[in-house]
Structures are given as C-alpha cells and as structure tokens.
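Structural overview
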Amino acid sequence: MDITVFGTGYVGLVTGACLADVGHNVLCMDVDSLKISRLKLAEVTIFEPGLDEVVRRNLASGNLSFTDDVAEAIKFSSLFIIAVGTPSLESGEPDLSDVDAVAQDIGRLASTPLTLVTKSTVPVGTSERIGAIVTREVQARGKTLEIQLVSNPEFLKEGAAVADFMKPDRIVIGAHSETAKATMRKIYAPFNRNHDRILCMDLRAAELTKYAANAMLATKISFINEIANLAEKAGADIEQVRQGIGSDPRIGYQFIYAGCGYRGSCFPKDVRALSTTAKEYGVELGVISAVEAANERQKNRLFDMLTAYFGTELHGKTIALWGLAFKPKTDDLREAPSRVLMEALWRAGATMQAYDPEAMHAVEALYPDNPQLILAGTMDQALVGADALVICTEWQHFKAPNLDKFKKALSQPVIFDGRNLYDPAELRERGIHYFGIGRGESLNRT
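One structure accompanies this document, and this report is about it.

What counts and what doesn't
- Residues numbered from 1 in each chain as written.
- Predicted model: local features only at pLDDT ≥ 70, side-chain atom pairs only at ≥ 80, totals over all residues.
- Heavy atoms only, no water.
- Helix = DSSP H or I, 4+ residues; strand = E, 2+ residues; numbered from the N terminus.
- Buried < 20%, exposed > 50% of the residue type's maximum accessible area, 1.4 Å probe, protein only.
- Contact = heavy atoms within 4.5 Å.
- Polar contact = N/O pair within 3.5 Å; in protein donor to acceptor, adjacent residues only side chain to side chain.
- Lys, Arg positive; Asp, Glu negative; His and termini not counted.
- Salt bridge = Lys/Arg side-chain N within 4 Å of Asp/Glu carboxyl O.
- Phe/Tyr/Trp six-rings, centres within 6.5 Å; stacked < 30°, edge-to-face > 60°.
- Axes fitted to C-alpha atoms, helices over the stretch in contact; angles between N-to-C directions.
- Nonpolar A, V, L, I, M, F, W, Y, C, P; charged D, E, K, R; others polar.
- Pairing = 2+ DSSP bridges.
- Expected span 1.5 Å × (residues − 1).
- Arc of directions from axis to C-beta.

**A look at the environment of serine 77**
Mapped onto the elements, serine 77 comes out in the loop between α4 (70-76) and β4 (79-82). The exposure class of serine 77 is buried, given its relative accessible area of 9%. Taking the C-alpha atoms as reference, serine 77 lies 9.6 Å from threonine 115; in sequence the two are 38 residues apart. If sequence neighbours within four positions are ignored, serine 77 has contacts with Asp2, Ile3 and Thr4. At a separation of 3.1 Å, a polar atom in the side chain of serine 77 contacts the side chain of threonine 4. Reaching out from serine 77, the side chain makes a polar contact with the backbone oxygen of leucine 79 at a distance of 3.0 Å.

And the structure:
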C-alpha cells in the first residue's frame, strides 16, 4: 500500500520505517527541511536502537522516502498517518497546532477519497475535529470528498520502539466505518500473523485508551515512590517490598521500581492532558491529580538528599552525574530527572561533571557554554575529583562499576542512587556511603 506519514519524530519515523520494512511504500513528510535532507542520506536524527538500520535498508530498497513538500506528500497516497508532536501547553492541554496544520493542508490539497489515521497522542474527540477541519477546507474549494476517520494510537517505548512496532502487544484501531477497519487490518496484516492482536473500537474509546494506559503506568510509578518514601522513614528496604508485592500476579513487577519520578516525552504530558480533558467534561480525577502531585515532589528527591547530606556546603562542590537521558537506550532529555537535578544544583552553586553514553550532544545543545557543566568522556572520568556521585539513568554499564576505582577517583566515597542499582550492604562493607530511594537503614542518616 502507498502510505504518507506526517511527522518524523520518534513515532512518525519508527512508524514509517517499520511499515516500509514489511513492503508498504511509505513517504514521510516533515516541515523541517534540514532533518529531511539528513534523512534522505540515511542520517537518523534520533537515537533509537535498530532504527538507523531499518531506515537505511528501506531507503536502499525504495520502499521508504522523505520529503518536505506537502503537495508531494498528499499526492503520493490517499492514506495519511498523522504522527506529529503534541507537546504540553502551559495550561496542561496538548498543543494541537501541528495536527490542525496537517489537517488544513490535506483539506486544501487532497483530491481523492482518503483515510485519515491519527497516531499522535490526542484528546478524546480529536479525530472528529481533524475530519471537520479537512471537510471545511475541501468545501471551501467547492468540492466534496469521502473521508474515513481512524484513531490508531501508538504504544511504543523509547529505547525499544522498533521491537514494539514489529511485535506489538496490541494494535488498537478506532473507527466507525467497516471500510476503514478493513483498510487498517490490511496495513497491519504482516504484524498480526501469529495471533490476532487487533482491537477494534470506536474513535473516542481508542483515543481515551492511549491516555488511560499511560496514566495507569504513571500511577504505579507514583505509588511505589510514595511507598519508598515511607520505607525510608520506617527503616524498610523498598527493594524487598517491591519483590513482595510484585510476586502477586495481579500487581506484577513492571513499573514498580522506586526512583526519581516518571519522566520523558509521554507520561508527564499525557497525565496532564488527561486531567485537563476531565476538567472539560466536569469530571474530577482525584487519583490522577494525586499521581501528578506525587511525581512533582519526587522529581526533587535527589536534590533534597544532597542538601540533607551537604547542608549549606553545596556551593563550590563538584557532583559527578551518571545518566542524562530520561531512560536508557535513548538520547531524549524531555522531562529528564537529570535536568531537574542539575538546574537545582547550579542554583546552589555546584558544578556538574556528567556522563551519558548517548545524550552528551543533546545536553550540550540544551546548555551551551555553561561553566558549571563539565561533560566527561567516560563514566570513570566523570568521577575524578568529584565530591559525590549521583545516578539518574539506569544504563546497563552503570550496574557493575569497579568500586575500587570509584573510591580512588572521588574525593569522598558517596553515592546518591536515583535508580537503586546497588546493594546497600555491599557498598557499606566497601566503605562507601550509599543513599538510594527508600532503601531503609542505608538512608536513615549520614
């Protein structure tokens, strides 16, 4: 099938590349001409494991192409996947301006019956809004077009997006038209052979499913963080508690790791958007409000721990930082805990000596020429001469460091672990002061 994808961010580029990889002819359109120029040369502008290989392979085969010409994109096919960004406005509402702009372009230029697939994360009712915009623009030209509306939310994890797309847990298709459902089944047939992963529902249910899924996962994270804070005061180890509750299959082990709050491009934005949507309908989501409030407190947890340890002596201290990206296997800094921590420490007069295997260029672009930020070439170099180590991202190679090298490099052997990577008892035996999130006795006092 011929498919046009609008947007070449995480969702759009992964969607386009993976659909091309199973044989569809895909044209990805973006208004960022520089990004498109690079993508035409197979230069993937984001770090996502395996994505660069998929893009290269399908560029070479001719199944995948890129353009910044909206007229070319609309002429290419009659099936349009909208995968542009919907960042939060100050009000908490998602910014739908890019979604609206795509709809207006399609309405101005489309000349054949079309299928509009919304893959961007959007509030309930947005697919119908898109359809209304397209219809209005078509009618303004004195024409009529048959329009099929589809909501097809994505459930991709950054760092595993290609694998998630190729082997999905479920494929949610929201549509009222049987014709639209049949079209989407045809698109996804190559991903649906082992067993039927497709869940068909109405448009609004599909849109709400996406927000509800992310809010549920965020709820688990805020819950375990609240329990971790209690565990710390009560002298219990949250890791033992986690195993105790996770062994219950009704709860499970996923998303119950205590840390410095949920983060990234999806959970914070989607929780805020769900809250604002509920207010528009006059519904109070007390649980969701509590989840968001708990996360706001948790984002400052590491700074509070450092302040409790160093007191008024943070000014002039050098703090080593392992991990800048909001999670492993990505270079994404959106809502990253490292940013909250660094900015707070800079205000307190400290210097950061930071390392991340993928996000160094991104943080350098975000904080150019900052004299309080030193980017180290390796995780070991980040330690040299620092007064403490803070861990913000659970990259695999942070999990088994050389503790002897660690002790020699730091001016004092102190770890503030925002990801609970280590065994407190082992580190105490090695003469290292260790402070995790909710690790009981190890966190009681310095």
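**Quick notes on the side chain of aspartate 30**
Within the secondary structure layout, aspartate 30 lies in the loop between β2 (25-29) and α2 (33-40). Buried charged residue aspartate 30 carries no salt bridge. Nearest counter-charge: lysine 35, at 4.0 Å. For aspartate 30, the side chain forms a polar contact with the main-chain nitrogen of aspartate 32, separated by 2.9 Å. Excluding residues that lie within four positions of it along the chain, aspartate 30 makes contacts with Gly7, Thr8, Lys35, Ile36, Thr67 and Asp68.

**As for unusual backbone geometry**
Positive phi is not limited to glycine here, since lysine 329 has a value of about 65 degrees. Inspection of the secondary structure assignment puts lysine 329 in the loop between β9 (318-322) and α14 (337-347). For lysine 329, a relative accessible area of 48% translates into the label partly exposed. A positive phi is found at glutamate 335, a non-glycine position, where the angle reads about 55 degrees.

**Side note on the packing of aromatic side chains**
What describes a pair of aromatic rings is the distance from one ring centre to the other and the angle between the planes of the rings. Scanning the entire structure with this criterion turns up 14 aromatic pairs. Plain terms: the ring middles of phenylalanine 165 and tyrosine 188 are 6.3 Å apart, the flat faces sit at 40 degrees to each other, and that makes the pair tilted. With phenylalanine 165 in helix α7 (residues 161-166) and tyrosine 188 in helix α8 (residues 178-188), the pair connects residues that are 23 residues apart, well separated along the chain. Assessed through its relative accessible area of 7%, phenylalanine 165 is described here as buried. Look at tryptophan 322 and phenylalanine 398: their rings are 5.2 Å apart centre to centre, the planes differ by 25 degrees, and that puts the pair in the stacked class. Pair noted here: tryptophan 322 is in strand β9 and phenylalanine 398 is in the loop between β12 (388-391) and α17 (403-409), with a separation of 76 residues, a long-range link.

**Points about the packing of helix α13 (residues 301-310) against α14**
Between α13 and α14, the least distance of the axes is 8 Å, while the angle of their chain directions is 35 degrees. Together, Leu302, Phe303 and Leu306 of α13 and Leu341, Ala344 and Leu345 of α14 make up the contact between the two elements. Considering only residue class, the contact of α13 with α14 consists of six nonpolar, no polar and no charged.

**Side note on the sheet that holds β12**
Sheet architecture is open: six strands sit in the order β11-β10-β9-β12-β13-β14, paired in parallel fashion. Either end of the sheet is taken by a strand with one partner, and the two such strands are β11 (373-375) and β14 (433-435). Geometrically, the sheet is characterised by an average inter-axis angle of 20 degrees between neighbouring strands, direction not taken into account. The strands touched by α13 within the sheet are β9, β12, β13 (414-417) and β14, with β13 carrying the most contacts at an inclination of about 155 degrees.

**Brief notes about helix α6 (residues 126-140)**
One full turn of an α-helix is made of 3.6 residues, so residues set three or four places apart face in the same direction. An ideal rise of 1.5 Å per residue puts 21 Å on 15 residues; α6 measures up with 21 Å between its terminal C-alpha atoms. Thr126, Ser127, Ile130, Gly131, Ile133, Val134, Glu137 and Val138 are the residues of α6 that are buried. When α6 is viewed along its axis, its buried side chains cluster within an angular range of 160 degrees and face the same direction. What points out from α6, more than 90 degrees from its buried face, is the exposed set Gln139 and Ala140. Buried residues along α6 sit in contact with β4, α5 (97-109), β5 (114-118), β6 (147-151) and α9 (203-234). The positive-phi residue at the C-terminal boundary of α6 is glycine 142, with phi of around 75 degrees.

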